[in-house]
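Remarks on the overall topology
Below are the chains, spelled out letter by letter.
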4 protein chains.
Amino acid sequence: MTILTGANRRAEQSISPEEGRIVMHCADRPGVVAAVSTFLADAGANIIESDQTTTDPDGGPIFLRVVFRVADLAARIDELREEFAIRVVEPFAVEEWRITQAAVGKRVAVMVSKYDHCLMELLWRWRRGELPVNIGLVISNHPDLGPEVRSFGLPFVHIPVTKDNKESAENEQIRLLKDNFDVVVMARYMQILSNRFLREVGCPVINIHHSFLPAFIGASPYLQAHSRGVKLIGATAHYATEDLDEGPIIEQDVARVNHDDNVAALQRRGADIERAVFLRAVQWHCEDRVLRRGNTTVVFN
Amino acid sequence: MTILTGANRRAEQSISPEEGRIVMHCADRPGVVAAVSTFLADAGANIIESDQTTTDPDGGPIFLRVVFRVADLAARIDELREEFAIRVVEPFAVEEWRITQAAVGKRVAVMVSKYDHCLMELLWRWRRGELPVNIGLVISNHPDLGPEVRSFGLPFVHIPVTKDNKESAENEQIRLLKDNFDVVVMARYMQILSNRFLREVGCPVINIHHSFLPAFIGASPYLQAHSRGVKLIGATAHYATEDLDEGPIIEQDVARVNHDDNVAALQRRGADIERAVFLRAVQWHCEDRVLRRGNTTVVFN
Amino acid sequence: MTILTGANRRAEQSISPEEGRIVMHCADRPGVVAAVSTFLADAGANIIESDQTTTDPDGGPIFLRVVFRVADLAARIDELREEFAIRVVEPFAVEEWRITQAAVGKRVAVMVSKYDHCLMELLWRWRRGELPVNIGLVISNHPDLGPEVRSFGLPFVHIPVTKDNKESAENEQIRLLKDNFDVVVMARYMQILSNRFLREVGCPVINIHHSFLPAFIGASPYLQAHSRGVKLIGATAHYATEDLDEGPIIEQDVARVNHDDNVAALQRRGADIERAVFLRAVQWHCEDRVLRRGNTTVVFN
Amino acid sequence: MTILTGANRRAEQSISPEEGRIVMHCADRPGVVAAVSTFLADAGANIIESDQTTTDPDGGPIFLRVVFRVADLAARIDELREEFAIRVVEPFAVEEWRITQAAVGKRVAVMVSKYDHCLMELLWRWRRGELPVNIGLVISNHPDLGPEVRSFGLPFVHIPVTKDNKESAENEQIRLLKDNFDVVVMARYMQILSNRFLREVGCPVINIHHSFLPAFIGASPYLQAHSRGVKLIGATAHYATEDLDEGPIIEQDVARVNHDDNVAALQRRGADIERAVFLRAVQWHCEDRVLRRGNTTVVFN
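Within an unreviewed UniProt entry, the label attached to chain A reads Formyltetrahydrofolate deformylase, and the organism entered is Ammonicoccus fulvus.

So, on to the packing of helix H1 (residues 32-42) of chain B against helix H2 (residues 73-92) of chain B. Residue and element names in this part refer to chain B. Where H1 meets H2, the axes come as close as 10 Å, and the angle between the chain directions of the two elements is 160°. It follows that H1 is roughly antiparallel to H2 by the angle criterion. Between H1 and H2 lies a crossing whose hand is right-handed. Where H1 abuts H2, its residues Val32, Ala35, Val36, Thr38, Phe39 and Asp42 lie against Leu80, Glu83, Phe84, Arg87, Val88 and Phe92.

Another point: the relation of the copies chain C and chain B. Aligned on chain B, chain C shows an RMSD of 0.0 Å; the corresponding rotation is 180° and the shift along the axis is 0.0 Å. These values place the two chain copies in the arrangement generated by a two-fold rotation axis. Among all residues of chain C, the minimum C-alpha distance to the rotation axis is found for C:Ala215, at 2.2 Å. Mapped onto chain B, 100% of the interface residues of chain C are again interface residues, and the two copies thus contact each other with one and the same surface.

What follows concerns the relation of the copies chain D and chain A. Note: a rotation about an axis with an accompanying shift along it relates these two copies of the chain. With an RMSD of 0.0 Å, the operation that places chain D on chain A is a rotation of 180° combined with a shift of 0.0 Å along the axis. Counting the interface residues of chain D, we find that 100% of their copies in chain A are interface residues as well, pointing to one common contact surface.

This part takes up helix H6 (residues 166-177) of chain A. Residues and elements named next belong to chain A. Helix length check: H6, at twelve residues, gives a terminal C-alpha distance of 16 Å against a target of 16 Å (1.5 Å per residue), a fit within 8%. Summarising the contacts, the buried residues of H6 are in contact with strand E5 (106-112), strand E6 (133-140), strand E8 (183-186) and helix H7 (195-200). Positive backbone phi, at 70°, marks Asp179, one or two positions downstream of H6.

Below, the discussion takes up the interface of chain D and chain A. Many descriptions give the size of an interface as the accessible area lost when the pieces come together. With 36 residues of chain D at the interface, the matching set in chain A holds 36 residues. Summing both partners gives a buried area of about 2,900 Å² for chain D against chain A, and 55% of it is carried by carbon and sulfur. Area buried by chain D at its contact with chain A is led by D:Arg228, D:Lys231 and D:His259, which between them contribute 26% of it. Across the pair A:Asp253 and D:Arg256 runs a salt bridge, and its minimum N-O distance is 3.7 Å. The interface formed by chain D and chain A contains 16 residue pairs in polar contact (both at pLDDT 80 or more). Every element with two or more residues in the side of chain D that touches chain A is listed here: strand E2 (46-54), helix H8 (221-228), strand E11 (249-256) and strand E13 (296-299) of chain D. Top element by residues in the side of chain D that touches chain A is E11(D). It accounts for seven residues.

What follows is about the UniProt feature "domain: ACT" (unreviewed entry) in chain A. Within this numbering scheme, the UniProt entry marks residues 21-94 of chain A as carrying the feature "domain: ACT" (unreviewed entry). Its end C-alpha atoms 16 Å apart, residues 21-94 of chain A is made of 42% helix and 31% strand.

Another aspect to go through is the domain arrangement of chain A. Residues and elements named next belong to chain A. With domains assigned, chain A is organised as domain 1 (17-101) and domain 2 (106-299). Each of domain 1 and domain 2 has a C-alpha centre, and the two are 31 Å apart. The partner domain 2 presents ten residues to the 14 residues of domain 1 that form the contact. Both sides together, the interface formed by domain 1 and domain 2 hides about 990 Å², and carbon and sulfur atoms give 51% of it. Joining domain 1 to domain 2, the criterion identifies three salt bridges. Glu95 is the salt-bridge partner of Arg293, the closest N and O atoms lying 3.3 Å from each other. Split by residue class, the side of domain 1 that touches domain 2 holds five nonpolar, three polar and six charged.

With that settled, the discussion passes to the sheet that holds strand E10 (residues 232-239) of chain A. Residues and elements named next belong to chain A. On the basis of which strands lie adjacent, the open sheet formed by seven strands has the order E7-E6-E5-E8-E9-E10-E11 and mixed pairing. With one partner strand each, in any of the chains shown, strand E7 (156-158) and strand E11 (249-256) form the two edges of the open sheet. In this sheet, neighbouring strand axes are inclined to one another by 20° on average, regardless of whether the strands run parallel or antiparallel. Where E10 lies against E11, seven bridges are found, and the strand directions are antiparallel. Residue pairing for E11: His238 is matched across the bridge by Ile249. On top of the sheet, H6 reaches E5, E6, E7 and E8; it is set at about 165° to E6, its chief contact.

Residues and elements named next belong to chain A. The UniProt record annotates "active site" (unreviewed entry) at Asp245. For Asp245, the position within the fold is in the loop between E10 and E11. Using a relative accessible area of 6% as the deciding quantity, one classes Asp245 as buried. From its side chain, Asp245 meets the backbone nitrogen of Gly218 in a polar contact 3.0 Å long.

So, about the packing of aromatic side chains. For the structure on display, the rule yields ten aromatic pairs over all chains. Here B:Phe84 and B:Trp97 contribute two aromatic rings whose centre-to-centre distance is 5.3 Å and whose plane-to-plane angle is 45°, an arrangement assigned as tilted. With B:Phe84 in helix H2 and B:Trp97 in strand E4 (residues 96-101), this pair connects stretches of sequence that are 13 residues apart. Among the residues examined, B:Phe84 registers a relative accessible area of 0% and is labelled buried. The exposure class of B:Trp97 is partly exposed, given its relative accessible area of 29%. Consider the rings of C:Phe39 and C:Phe84, whose centres lie 5.3 Å apart with planes at 65°: the pair is edge-to-face.

Turning our eyes to something else, we now look at the interface of chain C and chain B. Listed as interface residues are 36 residues of chain C and, on the opposing side, 36 residues of chain B. Interface area for chain C against chain B, summed over the two sides, is near 2,900 Å², with a carbon-plus-sulfur share of 55%. Together, C:Arg228, C:Lys231 and C:His259 form the three largest contributors to the area buried by chain C at its contact with chain B, with a combined 26%. The tally of links between chain C and chain B comes to six salt bridges. Linking chain C with chain B are 16 residue pairs in polar contact (both at pLDDT 80 or more). Examining the composition of the side of chain C that touches chain B, we find that seven residues originate from one element, strand E11 (residues 249-256) of chain C, more than from any other. The residue makeup of the side of chain C that touches chain B, split by class, is 15 nonpolar, twelve polar and nine charged.

This part takes up the state of the cysteines. Under the defined criterion, the tally for this structure stands at zero disulfides over all chains. A:Cys286 takes part in no disulfide bond, and the closest cysteine sulfur to it belongs to A:Cys203, at a distance of 10 Å. According to the relative accessible area criterion, A:Cys286 is buried, its value standing at 5%. D:Cys118 carries a free sulfur, and the closest cysteine sulfur to it, the one in D:Cys286, is 15 Å from it.

Before going further, it helps to spend a moment on the pairing of strand E3 (residues 62-69) of chain A. All names here are of chain A. E3 sits mainly inside the fold: eight of its eight residues count as buried. Burial of the side chains of E3 extends over both faces: Ile62, Leu64, Val66 and Phe68 are buried on one face and Phe63, Arg65, Val67 and Arg69 on the other. Looking at chain direction, strand E1 (residues 19-26) and E3 are connected through eight bridges and run antiparallel. Of the residues in E3, the one forming a bridge with Arg21 is Val67.

Moving on to the environment of D:Val290. Residues and elements named next belong to chain D. You can see Val290 is positioned in strand E12 (residues 290-293). Judged by relative accessible area, Val290 falls into the buried class, the value being 6%. Taking the C-alpha atoms as reference points, Val290 and Leu232, separated by 58 residues in sequence, lie 26 Å from one another. Dropping the residues within four chain positions of it, Val290 is found in contact with Arg98, Tyr239, Ile250, Trp284, His285, Thr297, Val298 and Val299.

Residue and element names in this part refer to chain A. Omega for the peptide link from Leu213 to Pro214 comes to 5°, which places this bond in the cis form. With respect to the secondary-structure elements, Pro214 resides in the loop between strand E9 (205-209) and helix H8 (221-228). A positive phi angle, close to 60°, is found at Asp245, a residue other than glycine.

About the thresholds
- Residues numbered from 1 in each chain as written.
- Chains lettered and ligands numbered in written order.
- Predicted model: local features only at pLDDT ≥ 70, side-chain atom pairs only at ≥ 80, totals over all residues.
- Heavy atoms only, no water.
- Axes fitted to C-alpha atoms, helices over the stretch in contact; angles between N-to-C directions.
- Helix = DSSP H or I, 4+ residues; strand = E, 2+ residues; numbered from the N terminus.
- Parallel < 35°, antiparallel > 145°, perpendicular 65-115°, else oblique.
- Left-handed = near helix turned anticlockwise from the far one by under 90°.
- Contact = heavy atoms within 4.5 Å.
- Least-squares fit on C-alpha atoms with pLDDT ≥ 70 in both.
- Expected span 1.5 Å × (residues − 1).
- Buried area = accessible area lost by both parts, 1.4 Å probe.
- Salt bridge = Lys/Arg side-chain N within 4 Å of Asp/Glu carboxyl O.
- Polar contact = N/O pair within 3.5 Å; in protein donor to acceptor, adjacent residues only side chain to side chain.
- UniProt positions renumbered as here; feature names shortened; annotations may be inferred.
- Domains from an automatic or database assignment.
- Nonpolar A, V, L, I, M, F, W, Y, C, P; charged D, E, K, R; others polar.
- Pairing = 2+ DSSP bridges.
- Buried < 20%, exposed > 50% of the residue type's maximum accessible area, 1.4 Å probe, protein only.
- Phe/Tyr/Trp six-rings, centres within 6.5 Å; stacked < 30°, edge-to-face > 60°.
- Disulfide = S-S within 2.5 Å.

This is the structure in structure tokens:
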């Protein structure tokens, strides 16, 4: 059975220009939900979907996501942000928040090496209108996927990376990415990004790892899985952080394998899981469904 | 993989006596969420979890479930209901609503025939403290399960049903159930309840059907499934209504079967699905997660 | 979790030209397995995989699939078939059997209308070498998908079908298909095939139906599913027969949906299930994994 | 959806006294399957189910499981074993093999500490006739579960284990287990067994670990999982070996969790997975479906 993807079902259809989202988390204080909803009511906005949770009902932090509709959202969004800052953010000491226009897709850049399955899943869904994002650039350390990418009408930039040019290669990547994109997604990009890159790129970076983390950290996870004789293989999408394979997990899934599967078969089978997990993580992130706190995430799906 | 049961994770632990729930649905009107959350803030209540959705973002009805904490909930609940009626129900023409104490388990009566798997799942979870309800009575048209039920410290009443005594048998059932229980659950009760029973029993009735409705409506669904050569069998929990096997669906699930499974094997395999689906439906209902509207449900899980 | 696809893991890699398959079913008679395996041993063949089952251990029919390797298979296959007929088929009254070369992909023709998701899944997997078949032709009653199909280097033939020209359209289809293909797959072909077509086309026809048959037979199953408020939607791949939506089921699967999903969302979500179920059915059929008997199938996966 | 348990569907019904099983693995040699099936045909046995596979089609070892029926199996089984040794085991250098009577349930001893969920699953299925084994003894290092176990009519022996008496405690365990049981199953037994115990107990030992091995090896896996923010939790059943948590894996499964689940909720949710995985592993082992080779297993299910 296909696991519920939790994707925004409405996002799958055409998204109303009147639709906005508030995402926030803060320490729990009585009245914060009333403040948010009163703010929206006073703005003439109609709440059409909301989710709220806490990791600890005894005074733990609260996480909130509200989808609303209001006339002239695009024209009024700066004013709404200012008003929200005054009426909610300051009095309730909100730690992290954003107000976004649902109809304005996040600007996405893709980094990839030679494996094409995660990239193709993304491009294929995007072209069909099933992924509400704006893909704007594909960067690769290999030239191989250029023709395929360009056939989707997308720019493809080949930036070779060797052990000698890593710093200058990252400089070029950062120059292309910084301020231009809302999220960078690594669709099986087989180079380790430096901490400097992660700091300077200026937006979240999503990675897909081809194992059920924390099992089989590091290289050749399918080979490791085969040696260990596991009965399920998995994939993990997470935010890239300074600690390799240790960032906050966004999504994971597994597939059943058996004794007939050699390492090549595990790779083949795993590729389908990687694609599905990667797609969900990118989609959920771009629909403002993922709230990050420390090394974990809250995902409203 | 086990599908997310959606059970109230907090309910799995001891439930705070301060925890209350508001469940409601109404026509969409701007300000209704603000009214509910302001009502709670003014009452000194703290919202710890909330879910809201609509079946149509363009003016469709809204469905809301809010979990809150407030001091002295038990003492103040009547006052809260009165206040809520004035400040929310009347101005927003709320069609259906309730405010409940989470720590007060729903009063559950079970009707059963001879198959024991759904009943045992319920009693076993309940005894382990995993099902936050108060089971108070088991009624059966057969005497067989009496000793097993009584070993759980529960009253078991045998009310034989024949084609001649159906009306008087239902009278006796209604006399035991009416006003005494919040929900009646049919754990494979193999008699069809009359419309009069459903009207007079005074509370919702949950049924488990041993097929993936609407496939294999009626008798012997596993035999039907075997003849048809299906590759999955299922079970469906729904509210009983006047139209047999047609009531609002609460939960469904399936299991994979294959050519090796004869009818007896399908029954055996199906019994596990029935148990799981039935348990989830009863739990979700009793945690105020199921909102019924016409012939469908909204389930916040 | 992704359900085990049961695909031939070895087929996912390059298939040895020495690899052959015997598939058969017959009434149960002691010694039939010994006869098959001795036949192979005498031929110098090595059995590398075998599956046998019966639908009834008390004398029911037996179903057998054996994968073997033997030198010079291509040169010797006719001789092997003749020998097998003498040593196994005749003495044991085998009802249905075939000996095939695994490395020779089945010749597949696709029929499609306007929905492209099942077709694209097939072509995409095929181009990546993940589907061990020879796709040779796509026929459609609409011209829309022509450019896409031709970009894969495949011939696309547009045969319009109206209520007036159905017979001549089928004549043209049959002329193209008969004797040229081993299987015809309907990748959401929205016309009902006549019994004459099924008789004359000369090979099995696989269809994908967008519901969990036998639920929601006929038109607009997602609309039906939405009205009924089901919690899972499904898809069914089956052999087309004279009785519409009633042919032997090859594979089924489901996806979880909820109250947020409108009909368009069910269609979108269902399309992913249709693709997966259709792909598995085509792959299993082409790997000689599906044995048909009456209105049911035995699938060795 | 419930994953196919792969249980012997026929075993779920009453098992014929004529039903036997051959399980073996050996280096691949042409003719071995013919030898086995001819041996059975000559013995007047009828093969009703068979599975064969290899981990490498180019000369890898072959694994075989055959279910047959023959008159007077109980009286003839020693003779069949002798004959099999001469006609198959010796000429083909079979490394490991057994011939068993399906109707003779394996003799099972359970070791348990305080958690009762895996034990109860076993006892409950066993009492219902769904688990074709003979449970004969429960050993615990705590007295707590004694009354529950004895209510099933089973002997319960309390053998306290401290850091001072571990050797003598194991001596007592071995005295009770050795030669008396075909398999020992650790239903959340929270003591580490010594290598000496594993060597001397004289039969396989199955353990259930409450994580998706190799993730979260060692103590408190649910606490580890919570800290890591995983989206799935799992359980692993494996044969106990000298290397803790490193033995050959028999079965694994996972359940989806989310941000609402605290450590206690993960434990609760995990318990259901542990039960299911443990039950399948015990059942498959006892149905002669698991072939062990090095640190991996072949499971015919």
